[in-house]
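Descriptive analysis of the structure
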Amino acid sequence: GAVDSPFSILAVANVTTAALSRMLLSKQNTANLEWHLFVSATTNTLVFQITDNSVPAQPFRQSDAAITLSTPVLLGATYSAATGGATAANDMTLYQNGRVIASTATNVGTYVAMENLGAAVEIGSNTAHTTGFMLGNEDFAALLLHHLAKDPKDLQKLLDLSENID
């Protein structure tokens, strides 16, 4: 692709303390990498990574501190795609419980854009199963993938609307 589109990811998850990467949501398989939101195996930090398959290049944003574990928590990521390209990670924001959390962007100068390839969106894993850990059904209370980047208050409103959906 030549230009990225904004989107948001929101999940209420009970992330375990397992010493493995814990995938929340992904759109990737072994041949078609797009994006993924996961908890790091070594630091328990939240990581949001996007991929330009052509290069390949994978800019990401990682929380500066560990997220809350072993209790349901609202986690989110937005990608505004405002500048994209070599500074795409600067367009990412991470959230915990509706608040922006301190994080660090890691940009890749050769990144252009995601390519919207054929990988399916996966909940709690990826089709390549490269993380070695898949969350179970009981670990999620709500999931949201939205085509526009939202601020924390808008994300919370969307989650509040979903409370009455069974």
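Read on for a plain summary of the structure. (Residues numbered from 1 in each chain as written. Predicted model: local features only at pLDDT ≥ 70, side-chain atom pairs only at ≥ 80, totals over all residues. Heavy atoms only, no water.)

Below, the discussion takes up the overall build of the protein chain. If you tally the helices and strands in the protein chain, you get one helix and 11 strands. Along the protein chain, helices and strands appear, N-terminal first, in the series β-β-β-β-β-β-β-β-β-β-β-α. In the protein chain, the share of contacts with a sequence separation of at least 24, taken over all contacts with a separation of at least 6, comes to 63%. As displayed, the protein chain offers around 7,800 Å² of accessible surface, 53% of which is attributable to carbon and sulfur atoms. (Helix = DSSP H or I, 4+ residues; strand = E, 2+ residues; numbered from the N terminus. Contact = heavy atoms within 4.5 Å. Areas by Shrake-Rupley, 256 points an atom, 1.4 Å probe, with all protein chains shown as cover.)

Further remarks concern the sheet that holds strand 4 (residues 46-50). Sheets are built from strands that pair by backbone hydrogen bonding, the pairs being arranged parallel or antiparallel. If you walk across this open sheet you meet the six strands as 9-5-4-3-2-10, and the pairing is antiparallel. Among the strands making up the open sheet, the edge pair consists of strand 9 (103-106) and strand 10 (121-123). For this sheet the average axis-to-axis angle between neighbouring strands, irrespective of direction, equals 10°. Relative to strand 9, strand 5 (residues 60-63) is paired through four bridges, and the arrangement is antiparallel. Paired with R61 across the strands is A105, a residue of strand 9. (Pairing = 2+ DSSP bridges. Axes fitted to C-alpha atoms, helices over the stretch in contact; angles between N-to-C directions.)

For the rest of this paragraph, the subject is the packing of aromatic side chains. Taken as a whole and assessed by the stated rule, the structure comprises three aromatic pairs. Measuring from ring centre to ring centre gives 5.5 Å for F7 and W35, while their planes differ by 40°; the resulting arrangement is tilted. With a gap of 28 residues between them, F7 in strand 1 (residues 7-14) and W35 in strand 3 (residues 33-39) connect regions that are remote in the sequence. Considered together, F7 and W35 belong to a single accessibility category, that of buried residues. Ring geometry for F7 against F48: centres 5.8 Å apart, planes inclined by 75°, an arrangement best described as edge-to-face. Of this pair, F7 sits in strand 1 while F48 sits in strand 4, and the two are 41 residues apart along the sequence. Residue F7 is classed as buried on the basis of its relative accessible area, which comes to 9%. Of the residues examined, F48 reaches a relative accessible area of 0% and is grouped as buried. Members of the aromatic cluster, joined through ring pairs, are F7, W35, F48 and Y79. (Phe/Tyr/Trp six-rings, centres within 6.5 Å; stacked < 30°, edge-to-face > 60°. Buried < 20%, exposed > 50% of the residue type's maximum accessible area, 1.4 Å probe, protein only.)

The element strand 2 (residues 22-28) is largely enclosed, with a buried count of seven among its seven residues. Sheet topology places strand 2 next to strand 3; six bridges connect them, and they run antiparallel. Bridged to S26 within strand 3 is H36. Connecting strand 2 to the next strand, strand 3, in antiparallel fashion are four residues.

Before going further, it helps to spend a moment on the environment of Y111. Tracing the chain through its elements places Y111 in the loop between strand 9 and strand 10. Here the alpha-carbon distance between Y111 and A86, two residues 25 residues apart in the chain, equals 5.3 Å. Residues within four places of Y111 in sequence aside, it is in contact with D4, I50, T51, D52, A57, P59, Y79, G85, A86 and A88. Within the local environment of Y111, its side chain forms a polar contact with the side chain of D4, the two groups lying 2.6 Å apart. At 3.1 Å, the side chain of Y111 and the backbone nitrogen of M114 are in polar contact. (Polar contact = N/O pair within 3.5 Å; in protein donor to acceptor, adjacent residues only side chain to side chain.)

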